[in-house]
Structures are given as C-alpha cells and as structure tokens.
Amino acid sequence: SYSPPFPFLNFAERHTSMTSIVICSGSDHSYFPLLREMIYSIKRFPQAAGFKFAVIDAGLTDEDRAWLKDNVDYIHAPDWPSKIAEKKAQGKVQLKSCVCRPWINTYFPGHDIYIWMDADTWLQDWEGMALLIEGAKREKLAIAGQVDRCYPRAARILFLGPLPIKVTGFYYSNAKKAFGYDVAKKLYPFHVLQAGAFGLSGTAPHWKRWQELVLEAVKRGKVFTAEQLCLGILCYLEGYGLESLPAWTQ
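Residue positions are given per chain, counting from 1 as you read along its sequence in written order. Given that this is a predicted model, residues contribute local features only at a pLDDT of at least 70 and side-chain atom pairs are listed and counted only at 80 or more, while totals for whole chains, interfaces and linings are drawn from all residues. Working from all heavy atoms in the structure, the side-chain values ignore hydrogens and water.

Q: Is there a simple way to think about the pattern of salt bridges in this case?
A: Side chains that differ in charge, positive against negative, can pair when their charged atoms come close. A pair is scored as a salt bridge if a Lys or Arg side-chain nitrogen falls within 4 Å of a carboxyl oxygen belonging to Asp or Glu. One pass over the full model with this rule turns up nine salt bridges. One salt bridge in this structure joins Arg101 and Glu227, with 3.9 Å as the shortest N-O distance. One end of the pair, Arg101, is in the loop between helix H4 (96-99) and helix H5 (104-107); the other, Glu227, is in helix H10 (residues 226-237), and 126 residues separate them in sequence. Relative accessible area serves as the criterion here: at 4%, Glu227 is assigned to the buried category. For helices the rule is a DSSP run of H or I covering at least 4 residues; for strands it is a run of E covering at least 2, with both sets numbered from the N terminus onward. Here's how the labels work: a residue is buried when its accessible area is under 20% of the maximum for its type, exposed when over 50%, partly exposed in between, all with a 1.4 Å probe on protein chains only.

Next up, the structure:
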C-alpha cells in the first residue's frame, strides 16, 4: 500500500515528537572504517542529538569494540537465527549483518523508531533521514527502491526466437530458489527494495512476519539475500505497509 507524497516541508523538526530513535548497523572488521564514517556522518548533524546508536558485531576485533564502546550505545553479537542459516553461512560470520537484520527490534528493544543503515552508507543530507523517520512514524516500512533513471535494466531475459526462455533478476532468481516458481513469477515485475537503509516503527507489524519469512527463505535459498528478498514479499505480495521513498535517499 502506497501513501501520497509527504504533506510537510520542515523535514528537520518533524521527528521531535518521538521519544526514542535508534540508528542500527552491522559490521565485521573489514567494514569497520566505513562504519565509523557512517556514524560520524549522522552525528555531525545537530538534529541527531539524542539518537541512540546500535551495532551488530559480525566479526569485529577487540580494538574495534573498544572504539564502539566510546561512540555507540549498544553492541550485540547475535546468534544465527537458525541452525540452517549457520550451516549455510559456512563460517562467514559477516553474513549476520544481513540475515539477523529483521531481529534488531529484539536485540535493541524499547525504541520508537528503528533506522537501519549499512556500514557502507553515509548521511549526506538530513532530509533523507527525516523521510525515513516520517515514513516509520506512519507504521510503514520507509525504504527506497532500485528504480531510477540510473537503473535502466531491472532484469535480463534470454530469448529463443520470439520466446523468452530464461529470466534473471534479483527477485526472480532468489525467490525461485527460496520459495518456488509461483512466488518468483508474482514478484518478478516489482523493483527491488533496497535493504541497506530503512526505517520502521518499533510497534509495526512487519517485524514478526519478516522474521518468519527469513527463516523460511534460508531453508532453500541463500543466506546473503534472504532479508532483502523477504522485504519484497512482505510489502508487494502480502500487503504490509510500504512508504516508498525517492531514489535519492539511497
């Protein structure tokens, strides 16, 4: 379900009625320098005063954790969400930053708004953050899609004469493996929702169902793509609230 354009102009002040906003991310040691830049990119804005910061430890070193203890509010090294996910990851602990993402409301409980930003993202303009917060306040998933003039081709199709015989694309390929052809065909026409940055209310109904879908997806599909694939199923096929943000927020 889509909403009309945001009916406000003062992006910088609209979040102030919320009592608790937490910025979440995850990292291993190799991405840690990017994680620090992302955190600094948010804290440099005066509007971020009072925000909490939380990090999923997906392979950090003691030195990394020492810096985080002085600069963020929470650090959590989660267990794998299932034995299947752990087995398929084959020791790649960094994948916890992906597959554990739907559980951040349980790792860092008690907040009104959860904003996820990948370690390799950063905040250039506060309006992007304000849109994530405003969409989350509507009890919807605030997120941008991979759809813009910069993305001219969403899928690849192999033809035999006039007949399409093979289709590849993020949703189709991953959904086919994880959930089968019926789901893949339904999801194929939609643009991909980018799980690298999103906002969601702590009371939104999305969390529980997202967790359920990810646990199902890893049984047959990939660990790496599970959480992003399942956001598409959640919003496009199952009708959970979606606030589709402009491409420039990604």
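Q: Looking at this model, I keep getting lost on the packing of aromatic side chains. Mind explaining?
A: Each pair of aromatic rings is reported with the distance of its centres and the angle of its planes. To pair, rings of Phe, Tyr and Trp, with the six-membered ring standing in for Trp, must have centres within 6.5 Å; the planes then decide the type, stacked if under 30 degrees apart, edge-to-face if over 60, and tilted in the middle. One pass over the full model with this rule turns up 13 aromatic pairs. Geometrically, the ring pair formed by Tyr107 and Phe108 is edge-to-face, given 6.2 Å between the ring centres and 80° between the ring planes. Assigned by exposure class, Tyr107 and Phe108 land together as buried. Between Phe190 and Tyr236 the ring centres are 4.3 Å apart and the planes differ by 10°, which places this aromatic pair in the stacked class. Note that Phe190 is positioned in the loop between helix H8 (181-187) and strand S8 (193-201) and Tyr236 in helix H10, a separation of 46 residues in sequence.

Q: Mind showing me how you'd approach the packing of helix H7 (residues 170-179) against H10 here?
A: Each pair of packed helices can be described by the angle between their axes along with the distance between the axes. It is the contact of H7 with H10, at a shortest axis distance of 10 Å, that shows an interaxial angle of 95°. By the angle between their directions, the pair H7 and H10 is classed as roughly perpendicular. Within the contact between the two elements, H7 uses Phe170, Tyr171, Asn174, Ala175, Ala178 and Phe179 and H10 uses Gln228, Leu229, Cys230, Gly232, Ile233 and Tyr236. Each residue receives one of three labels: charged for Asp, Glu, Lys and Arg, nonpolar for Ala, Val, Leu, Ile, Met, Phe, Trp, Tyr, Cys and Pro, and polar for the others, Gly being one of them. When the residues that make up the contact of H7 with H10 are grouped by side-chain class, the tally is nine nonpolar, three polar and no charged. Note on definitions: angles span 0 to 180 degrees between N-to-C directions of axes, and those axes are lines fitted to C-alpha atoms, for helices only across the stretch in contact. Here the word oblique covers every angle except those under 35 degrees (roughly parallel), over 145 (roughly antiparallel) and from 65 to 115 (roughly perpendicular). Only heavy atoms matter for contacts: two residues are in contact if any of them lie within 4.5 Å across the pair.

Shape is all these values report; function is a separate question.
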